[in-house]
Amino acid sequence: MSQPAFRIATVMAVIAAVAIASSGVTYWLLRDNRTMPASAQAAADDKQREVRYWYDPMVPDQHFDQPGKSPFMDMELVPKYADEAGGGDAAVKINPGVAQNLGVRTAQVMRNDLASSVDAAANVQFNDRDVAIVQVRSAGFVERSYDLAPGDVVKQGAPLVDLLIPAWGGAQEEFLAVLSTRDRALIDAARTRLTLMGMPTALIERVEKTRRPQSVITIHAPIGGAIQRLDVREGMALKTGATLAALNGLDTVWLETAVPEDQAEQVRVGQRVTARLTAYPGETFEGQVIAILPQNDPTSRTLQVRIALANPELRLRPGMFARVQLESTKENVLTVPSAAVLHGDQQDYALVANGDGGFTPTVVTLGAQSGQQTVVHDGLQAGQSVVVSGQFLIDSEASLAGALDRLGNTGNKDRMDMNAMDMDTKAGTKADDTATPIEGRGRVEAISTDEITLSHEPIPALDWPAMTMAFDLADPASADDLKVGDTVTFTVRESDSGYAVENLRKSTTQQSGGAQ
């Protein structure tokens, strides 16, 4: 081969080798690009986002300033970005799809004409303002009693007892002697003397008319009603001022009722009342609030309300049981579903949904509760949306962040599967914990057809603090005998649709340490 030809062949071989090497490098670069684009893009995006702290999804309350290995689990710490929670106006942000999976439901804050009424139990009692005490005005003796006893009902003017009063006999004789003188001054003086001795005006007039002394007088009932006391019997000697009888009128009776102190604003003097008595089913009796007693009962936290009822036919008897309904009043107020209210240690608040996946806890000032609605005096505006179910997952930002990571909020299915694997193998599987019933205790805040809202005490088995939340009823009939305010024990079980309660039992002991 000639030298020029050899040089040409050598150049061609070098060119071929370079081409082959170039194509190999290109192949490896392309292959690497095919396997790394998602992670590389994610890393590039993460570098542009502000990291607030790092945390272990299994222990979300513990924050770290630097990335690295978790001291609790065999896994890398996860960054918490500023735009995920706490950024902007929302305290917590949740992907709408995740919020739906968590069972987060919202309702609107509305302005309604709320009718407020008070229903309470009451007992019929004597009217203590309609009482008559019969006493002896001068010493004497009981000549006759009229076969009466305490508890008997007498009419006004009915005879109670005949008395012989010796001092009155002599005074009447002197009065008759003065009448014969026709001296008006002496007659008036004698009449005044009889009055000062305690002689009734009617008796003086009868003596003056008949011109005969009346030493034995009959004492009549000054009012109609029931005899409460009768302390005389035939032949007794009585001193001046001794009590003969005490009578209680029955023309009107009182209803004494206890109203919870949180409904005190709905009670006023003069308010109309409708009463229904067990003794007369189907009938109603109209009355009026005449007094609100000044002292509250510290044991039952109630105020005592006194109601007057007319009793012309004497059908209403002290001791009868009644249910009363105080006149309802309508007021245009701002209301939210009672399930939306969360009760903290020092204040009440609600979670406001911002419409872009953000939720902000807002302190609220509450008013009265009517049915399933609660009045809000301050903190919310009409048209806002508040969370009524799933608050316990939003209640703590850190806890929520951990919950979202465990549910795969990043959209990376491989990561979600990895977290689930770590939870099952290293954290003891929370799913196993909730597969079996977990016991709890709390107070009933609201009841609907298939749901119950409870302010429960901490449930350590689920890592739940004391809070107010809504549960599905595994058996709606189990809540038939319950009412708002009852303290109950229950078991909670995780189902496909969320958490459900079963085995509801009314507790006889007062709740302590729960969400109030």
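Before reading further, recall that the structure is shown in the block above.
Quantities reported herein were computed from a predicted structural model and do not represent experimental measurements.

(A) Just the sheet that holds strand β11 (residues 216-220), in detail. Here 4 strands make up an open sheet; going across it, the order is β11-β10-β8-β13 and the pairing antiparallel. Each edge of the sheet is formed by a strand with only one pairing partner; in this case those strands are β11 and β13 (237-238). For strand β10 (residues 159-164) and β11, the ladder comprises 5 bridges, and the chain directions are antiparallel. Bridging across to β11, Val161 finds its partner in Ile219.

(B) Main features of the packing of aromatic side chains. Inspection of the entire model under this criterion finds 2 aromatic pairs. Centroid distance Phe471 to Phe490: 6.1 Å. Interplanar angle 50 degrees. Geometry classified as tilted. A residue pair is termed long-range when its members are at least 10 positions apart, and Phe471 in strand β27 (residues 467-473) and Phe490 in strand β28 (residues 487-495) qualify at 19 residues. A relative accessible area of 1% means that Phe471 is categorised as buried. Given the relative accessible area of 1%, Phe490 is considered buried. Between Arg315 and the ring centre of Tyr280, over which it is positioned, the NZ or CZ distance is 4.1 Å.

(C) Inspection of the sheet that holds strand β9 (residues 153-154) at higher detail. As summarised here, the arrangement of the 4 strands in space is β7-β14-β12-β9, forming an open sheet in which the pairing is antiparallel. Of all the strands in the sheet, just β7 (131-135) and β9 have a single pairing partner and so form its edges. Bridge count for strand β12 (residues 225-230) against strand β14 (residues 243-249) is 5 bridges, and the pairing is antiparallel. Bridge pairing links Ala226 to Asn248 in β14.

(D) Spotlight on the layout of surface pockets. Reported here for the largest pocket is a volume of approximately 1900 Å³. Contributing to the lining of the largest pocket are 42 residues, with Pro260, Asp262, Gln263, Gln369 and Val484 lying nearest its centre. If you list the elements that add at least two residues to the lining of the largest pocket, you get β6 (110-125), β15 (252-260), β19 (321-337), β22 (358-370), β23 (373-378) and β25 (438-447).

What counts, and where the lines are drawn
Residues numbered from 1 in each chain as written. Predicted model: local features only at pLDDT ≥ 70, side-chain atom pairs only at ≥ 80, totals over all residues. Heavy atoms only, no water. Pairing = 2+ DSSP bridges. Helix = DSSP H or I, 4+ residues; strand = E, 2+ residues; numbered from the N terminus. Phe/Tyr/Trp six-rings, centres within 6.5 Å; stacked < 30°, edge-to-face > 60°. Buried < 20%, exposed > 50% of the residue type's maximum accessible area, 1.4 Å probe, protein only. Lys NZ or Arg CZ within 6 Å of the ring centre and 35° of its normal. 1 Å grid on protein atoms, 1.4 Å probe; cavity = no way out; pocket = protein on both sides within 12 Å on 5 of 7 lines; lining within 4 Å. Points joined across faces, edges and corners; volume = space filled by probe spheres on them.

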